[in-house]
Amino acid sequence: MTSVLKVLVISSLFLFLLLLTACASAPERTFSGEQAYAHVLQQCALGPRPTGSPAHRALGDAIIAHLEHWGWVVETQEFTYRDTPIRNIIGKAGEGPVVIVGAHYDTRRAADREDPSQPVLGANDGASGTAVLMELARVLEHDRLRYQVWLTFFDAEDNGGLDEWEWCVGSSYMAANLTVRPEAVIVVDMVGDADQQFYLEHNSDPTLQRQLWDLAATLGYTATFIPEYRWAIYDDHVPFARRGIPAVDIIDFDYPYWHTTRDTPDKVSPESLERVGRLLEAWLERE
Ligand SMILES: [Zn+2]
């Protein structure tokens, strides 16, 4: 072997090793829309999941097991509302100011926009936000978190107006019983629509909302994160916003199957879930 060849071989070997190291130090896990969509299917396979039902209890248990599997410290908040057991589930990881990333995991017990005698399956309204949080539990790298993140699964959001139930029962309880003041609250609800459009929401903190929509633009999501106001929604962010905590609701409220029996997994797409998950991942993790 000539010395020139030797140098070439050694330098290309060096380059190869360098590439290997670069690959190894890149983020190991990135939010997968397909994985999140699998969580939508798993939830819907349980059937409708209204607060207090066995399917809802089973989902809560599965969420706890999933969080623990991925190294999150789990706490529950349990109380009774109108003779019904309620359970908020919180998975905690990371250090720094507390940030709540929340979604409701219950489904509405009556499809009252169509047939109140039937329950809602809630592929989008319930399962999509829950699925995004479950996939975040897998992919967020705890030592790269900019905050102490509380992945929060709110109970009893979606029976408002039925038999005098209120909306947002679980989140109201949590907001009223905080011992730490969170830096921010981000709620994801109805985020899986295959025909996805997120508008700015009037009850959300304008500064934090702009920050998120700007970040979405840098990720190339300008067609789905539209920086114009549209709805004012009473969702799980409001109990926190009322206490002066910056809170944002990421919600696509233009969903014709809302509170009908047609809110099924075929209306939800992995790509839609992935955009929301990657936005939150980018916001929560250091570069
Ligand atoms: Zn709903």
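To be clear, the structure that these remarks concern was listed above.
The following paragraphs examine the structure supplied in this document. (Residues numbered from 1 in each chain as written. Predicted model: local features only at pLDDT ≥ 70, side-chain atom pairs only at ≥ 80, totals over all residues.)

Attention shifts here to the pairing of strand 2 (residues 84-93). Judged from the nine bridges that link them, strand 1 (residues 73-81) and strand 2 form a sheet pairing that is antiparallel. Its bridge partner being in strand 2, Thr 80 is matched across the sheet by Pro 85. Turn length for the strand 1-strand 2 hairpin, with the two strands adjacent in sequence and antiparallel, is two residues, and the turn residue Arg 82 shows positive phi of about 50°. In terms of strand pairing, strand 2 meets strand 4 (residues 148-154) through five bridges, oriented antiparallel. Counted as the bridge partner of Ala 93 is Val 149 from strand 4. (Pairing = 2+ DSSP bridges. Helix = DSSP H or I, 4+ residues; strand = E, 2+ residues; numbered from the N terminus.)

Of all the eight residues making up helix 5 (residues 169-176), six are buried; the element is thus mostly covered by neighbouring parts of the structure. For helix 5, the set of buried residues is Val 169, Gly 170, Ser 171, Ser 172, Met 174 and Ala 175. Packing partners of the buried residues in helix 5 comprise strand 1, strand 2, strand 3 (98-104), strand 4 and helix 7 (238-241). (Buried ≥ 20, exposed ≤ 12 C-beta atoms within 10 Å, placed from the backbone. Contact = placed C-beta atoms within 7 Å.)

A word on the nonpolar core. Of all hydrophobic cores here, the largest spans 61 residues; its most connected members are Val 132 and Leu 136. With residues near it in sequence (within four places) discarded, Val 132 still touches Ala 36, Ala 103, Val 188, Val 191, Leu 273, Val 276 and Gly 277. (Core = buried A, V, L, I, M, F, W, Y, C linked by C-beta atoms within 7 Å.)

Turning our eyes to something else, we now look at the sheet that holds strand 5 (residues 184-189). In spatial order, the strands read 1-2-4-3-5-8; together these six strands make up an open sheet with mixed pairing. Looking at strand neighbours, the two that pair on one side only are strand 1 and strand 8 (247-251), the edges of this open sheet. Each strand axis lies, on average, 20° off the axis of its neighbour in the sheet, ignoring direction. Direction of pairing for strand 5 relative to strand 8: parallel, over a ladder of five bridges. (Axes fitted to C-alpha atoms, helices over the stretch in contact; angles between N-to-C directions.)

With a phi close to 55°, Ala 156 is a non-glycine residue in the positive phi region. Counting through the fold element by element, Ala 156 comes out in the loop between strand 4 and helix 5.

Our next topic: the packing of helix 2 (residues 33-45) against helix 8 (residues 270-284). Here helix 2 crosses helix 8 at 110°, and the two axes come no closer than 8 Å. With respect to helix 8, the axis of helix 2 lies roughly perpendicular. Crossing of helix 2 against helix 8: the hand is right-handed. On helix 8, the residues that touch Gly 33, Glu 34, Ala 36 and Tyr 37 of helix 2 are Pro 270, Glu 271, Leu 273, Glu 274 and Gly 277. In the contact of helix 2 with helix 8, the residues fall into four nonpolar, two polar and three charged. (Parallel < 35°, antiparallel > 145°, perpendicular 65-115°, else oblique. Left-handed = near helix turned anticlockwise from the far one by under 90°. Nonpolar A, V, L, I, M, F, W, Y, C, P; charged D, E, K, R; others polar.)

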